[in-house]
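This is what each chain is made of:
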Amino acid sequence: MINRIKYTFLVFSFFGLIAASCGGCSSDDISSESDVVIDSSMDDLNVINVDASLFLTSNGSVTVTTVPCTLSDGTSTDCYQIVATSNPADHEMGPWCPDNITDGADKGGIWLENGEVYDVDGAFIENMASFYNDSTWKMYDANGDIYTTETEDDCANAANPNVGVEYENYCVECLPSYVTDLTQTYQIPITPIKQSTSTDFGGFGPPGVGGNGPSQRGLAFNGVVFDAPAPTDAILGAYTLAPFDDAGGHINLNAGYHYHAATGVSTQITQTDDHAAMIGYAMDGFGLYAQLDADGNEPTDLDDCRGHEDDSRGYHYHVAAPGTNSFINCLNGAYAN
Ligand SMILES: [Zn+2]
Ligand SMILES: [Zn+2]
C-alpha cells in the first residue's frame, strides 16, 4: 500500500529536498589503544586533500575555483567552489518514462522501492495497480500509450502536489532542455577536517526533522549532486511516477539534474587494490566510494555515517545500495557554511 505523507512535508516541489534524519548518528570512536600517543586520536588520520583535477571540466559543464570559506567548526580555510550545469560530461540523461506499455527497459528509467531497483519499462507501468495493490493506478490509455508530462509547464505543475487529480496517473519527466540555463554552486573544503561528532543532514521538512548540515550528500565528478532522498511516498501518494534514469538521476526545475541513486553510470575511479571505486566527494571533502568492492562485498566496519578509514584513502564513505534512495547517512567532517 502507498504510505501517504502529509503535504506539510512538501515545500515548493515534491521533487525537492526533504529532510533525511540520521537518528543515532554518533561520533566515530577511535581509541588510541596502548600506543603512546600524545596528540588526539584525530591526528592519526591520513588526511587526503580533495583532488580538483578529478572533476570533469573539459566540456565546460563544471568549473572549479578556490575560494576562502568558513567551515561548520569555525575553521577559516580554502574551499573548492564547484559550479555545475545540468549537463554531465560523462553520460546522457534519460530516458525516464516509456511511451507504451509494450516498451522495453531501454525506453524507460528506474524506480526505487523497498531497497530494490526496478526497471520502469512498459510492463512496470502496466502492472502498477497490482505492484502497489491499488486499483487507482492506470497510467496508460486503451492503446497502451503512457500518460506522460509533455511540457515544462506540465513538469512544473506535476511537481506541485496542490495541482492534485489533474496529473494523477501521469509519468512525470522534466527534460534537460528545461534547465539549460540553470547552474548550481557548491563549496567543499579542500582539506577535510574530521569532527568528534557527526552532523545529520538538513533539509526541508517539519520542525525537528533533519539536522544542521547541508541537505546534499556530495558531488559526482561530473558535478551532479548526490541529493537528499527523493520523497517517493509523496510522489506515489499523488498517483504520479517520477522515474530516475539508469544513472539514478532526474530533473526538477529548481535543482536541475540530480542523483538519488549511485548506479555506477557516472565516472568511477578504479582503485589499484580491490577496494570499491571512487565516485566523488562528500560535502565535507572526504571521498565517496561505491558500495561494493571488486569482489562484490560491502565493508563490514562502516560507522553510522557509512564511513571508515584505511591507509590509502584516509577517512572516506561508501554509498548505500542504489535501491535505498540514499547515499550516506551523515557527515563526520566539517562542511562549508
Ligand atoms: Zn529528485
Ligand atoms: Zn573503504
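See above for the structure.
These numbers come from a predicted model, not from an experiment.

Caption draft 1: Spatial organisation of the packing of aromatic side chains. Scanning all chains against the criterion turns up 18 aromatic pairs. Seen from their ring centres, Phe221 and Tyr281 are 6.2 Å apart, and the 90° between their planes marks the pair as edge-to-face. Of this pair, Phe221 sits in the loop between strand 8 (218-220) and strand 9 (225-226) while Tyr281 is found in strand 13 (residues 278-282), placing the two residues 60 residues apart along the sequence. Their ring planes at 75° and their centres at 6.4 Å tell us that Phe286 and Tyr317 sit as a pair that is edge-to-face. Of the two residues, Phe286 is situated in the loop between strand 13 and strand 14 (287-289) and Tyr317 in strand 16 (residues 314-318); the sequence distance between them amounts to 31 residues.

Caption draft 2: Focus on the sheet that holds strand 1 (residues 62-70). Taken in spatial order, the 3 strands line up as 1-2-6 in an open sheet, and their pairing is antiparallel. Since the sheet does not close on itself, it has two edges, and those belong to strand 1 and strand 6 (183-189), each with one partner. Taken pair by pair, the neighbouring strands of this sheet meet at an average axis angle of 30°, ignoring direction. Pairing of strand 1 with strand 2 (residues 76-85) involves 9 bridges; the strand directions are antiparallel.

Caption draft 3: Just the side chain of Asn252, in detail. The topology assignment puts Asn252 in strand 11 (residues 249-252). When its relative accessible area of 4% is taken as the criterion, Asn252 is described as buried. A polar contact is formed between the side chain of Asn252 and the backbone nitrogen of Ala255, at a distance of 2.6 Å.

Caption draft 4: Layout of the coordination of the zinc ion (ligand 1). Around the zinc ion (ligand 1), the donor atoms from the protein are His250 (NE2), His258 (NE2) and His260 (NE2), and they sit 2.0 to 2.1 Å away. Here the donor residues for the zinc ion (ligand 1) map to a single chain with the spacing H-x7-H-x1-H. Of the two residues examined, His258 and His260, each falls in the buried class.

Caption draft 5: Examining the state of the cysteines more closely. Counting across every chain of the model gives 4 disulfides. Bridging Cys69 to Cys79, the disulfide has an S-S length of 2.0 Å. Residues Cys69 and Cys79 are joined through a disulfide that is right-handed, its torsion about the S-S bond being 80°. A residue pair is termed long-range when its members are at least 10 positions apart, and Cys69 in strand 1 and Cys79 in strand 2 qualify at 10 residues. We note that Cys69, like Cys79, is buried. There is a disulfide in this structure between Cys155 and Cys174, and the S-S distance comes to 2.1 Å. An S-S torsion of about 105° defines the bridge between Cys155 and Cys174 as right-handed. Of this pair, Cys155 sits in helix 3 (residues 152-158) while Cys174 sits in the loop between strand 5 (170-171) and strand 6, placing them 19 residues apart in sequence. With respect to class, Cys155 is no different from Cys174; both count as buried.

Caption draft 6: Seen up close, the coordination of the zinc ion (ligand 2). The protein atoms that coordinate the zinc ion (ligand 2) are His275 (NE2), His308 (NE2), His316 (NE2) and His318 (NE2), at distances spanning 2.0 to 2.1 Å. For the zinc ion (ligand 2), the 4 donor atoms in the first shell make angles of 95 to 156° at the metal, so the coordination geometry reads as irregular. Along the chain, the residues donating to the zinc ion (ligand 2) fall in the pattern H-x32-H-x7-H-x1-H. For the pair His316 and His318, a shared accessibility class is recorded, and that class is buried.

Caption draft 7: Region of interest: the pairing of strand 12 (residues 256-259). Pairing geometry for strand 9 and strand 12, over 2 bridges, is parallel. Across the sheet, Phe226 pairs through a bridge with Tyr259, a residue of strand 12. In the sheet, strand 11 pairs with strand 12 via 4 bridges, with the strands oriented antiparallel. In the sheet register, Gly249 faces strand 12, and the bridge partner there is Tyr259.

Caption draft 8: Local environment of the side chain of Arg217. With respect to the helices and strands, the residue Arg217 is situated in the loop between strand 7 (194-200) and strand 8. Despite being buried, Arg217 has no salt bridge partner; Asp227 is the closest side chain of opposite charge, sitting 6.1 Å away.

Caption draft 9: Representation of the sheet that holds strand 11 in the model. Spatially, 8 strands are ordered 11-12-9-8-13-14-16-15 in an open sheet, and the strand pairing comes out mixed. The strands lining the two open edges of the sheet, one partner per strand, are strand 11 and strand 15 (307-310). Examined bridge by bridge, strand 8 and strand 13 share 3 bridges and lie antiparallel to one another. Along strand 13, the bridge assignment pairs Leu219 with Tyr281.

Caption draft 10: Molecular detail of the environment of Leu219. Mapped onto the fold, Leu219 is located in strand 8. Given the relative accessible area of 0%, Leu219 is considered buried. Measuring from C-alpha to C-alpha, the distance between Leu219 and Gly287 comes to 9.8 Å, with 68 residues separating the pair along the chain. Other than its neighbours up to four places away in sequence, Leu219 contacts Phe55, Ile82, Tyr186, Ile188, Val224, Val225, Phe226, Ile279, Gly280, Tyr281 and Met283.

Quick notes on the rules
Residues numbered from 1 in each chain as written. Chains lettered and ligands numbered in written order. Predicted model: local features only at pLDDT ≥ 70, side-chain atom pairs only at ≥ 80, totals over all residues. Heavy atoms only, no water. Phe/Tyr/Trp six-rings, centres within 6.5 Å; stacked < 30°, edge-to-face > 60°. Helix = DSSP H or I, 4+ residues; strand = E, 2+ residues; numbered from the N terminus. Pairing = 2+ DSSP bridges. Axes fitted to C-alpha atoms, helices over the stretch in contact; angles between N-to-C directions. Buried < 20%, exposed > 50% of the residue type's maximum accessible area, 1.4 Å probe, protein only. Polar contact = N/O pair within 3.5 Å; in protein donor to acceptor, adjacent residues only side chain to side chain. Donors = N, O, S within 2.8 Å, 3.2 Å for Na, K, Ca; no water. Disulfide = S-S within 2.5 Å. Tetrahedral: all angles 85-135°; square planar, octahedral: opposite > 155°, others 65-115°. Lys, Arg positive; Asp, Glu negative; His and termini not counted. Salt bridge = Lys/Arg side-chain N within 4 Å of Asp/Glu carboxyl O. Contact = heavy atoms within 4.5 Å.

Structural measurements only, silent on function.
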